[in-house]
Amino acid sequence: METERMQKQNKKIKLGEKEKELIKFLIERGKSAWKEDVINNFAYANKYEAVVAKRLKKLEEKGFIEVREEINPETGRKKQKVYLKE
């Protein structure tokens, strides 16, 4: 059990070009942005929204970002916000 954890920590995590762009986008936005804004910025057509959402999910699994549900102060509705982990 302990060796598995150590092996995972020693592995280098590879990021794709688009994943790096997503991280740069979050840094430019003050390390957080609404998930809707991120998807709209990177998906130029409706059929690519799922691709961007999947990319966000992979970044979350790798430990680079965190997606939390918050209340949007402008509308009073719950929305998902993407935060860059430090």
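Residues numbered from 1 in each chain as written. Predicted model: local features only at pLDDT ≥ 70, side-chain atom pairs only at ≥ 80, totals over all residues. Heavy atoms only, no water.

Student: Hey, could you run me through the overall build of the protein chain in this one?
Tutor: Of the regular secondary structure elements, the protein chain holds four helices and three strands. Going from the N terminus to the C terminus, the protein chain shows its helices and strands as α-α-β-α-α-β-β. Within the protein chain, contacts between residues at least 6 apart in sequence are counted, and of these 43% link residues at least 24 apart. Surface exposure of the protein chain reaches about 6900 Å², of which carbon and sulfur atoms provide 47%. (Helix = DSSP H or I, 4+ residues; strand = E, 2+ residues; numbered from the N terminus. Contact = heavy atoms within 4.5 Å. Areas by Shrake-Rupley, 256 points an atom, 1.4 Å probe, with all protein chains shown as cover.)

Student: In this structure, what is going on with the pattern of salt bridges? I would like to understand it.
Tutor: Here the idea is simple: oppositely charged side chains can pair when their charged atoms come close. Evaluation of the coordinates by the stated rule reveals three salt bridges. The partner of Glu-19 in a salt bridge is Lys-62, with the nearest N and O atoms 3.3 Å apart. Placement of the pair is Glu-19 in helix H2 (residues 17–28) and Lys-62 in helix H4 (residues 49–62), with a sequence separation of 43 residues. Accessibility expressed as a relative area gives 8% for Glu-19, which makes it buried. (Salt bridge = Lys/Arg side-chain N within 4 Å of Asp/Glu carboxyl O. Buried < 20%, exposed > 50% of the residue type's maximum accessible area, 1.4 Å probe, protein only.)

Student: Where do I start with the environment of Lys-57 in this structure?
Tutor: Within the element layout of this structure, Lys-57 appears in helix H4. Assessed through its relative accessible area of 49%, Lys-57 is described here as partly exposed. Separated by 10 residues in sequence, Lys-57 and Val-67 place their C-alpha atoms 8.8 Å apart.

Student: Before we go on, may I ask you to explain the nonpolar core in this structure?
Tutor: Generally speaking, a soluble globular protein has its nonpolar side chains buried in company with each other. Core analysis: the biggest nonpolar cluster contains 14 residues, and Leu-26, Val-38, Leu-56 and Ile-65 have the highest contact counts within it. Residue assignment for this core shows that the elements contributing at least two residues are H2, helix H3 (35–42), H4 and strand S3 (78–84). When residues in this core are grouped by element, the largest group, four residues, is from H2. If we skip the residues at most four places from it in the chain, Leu-26 touches Lys-31, Ser-32, Ala-33, Val-38, Ile-65, Val-82 and Leu-84. (Core = buried A, V, L, I, M, F, W, Y, C linked by side-chain atoms within 4.5 Å.)

Everything listed here is a matter of geometry and, on its own, says nothing about what the molecule does.
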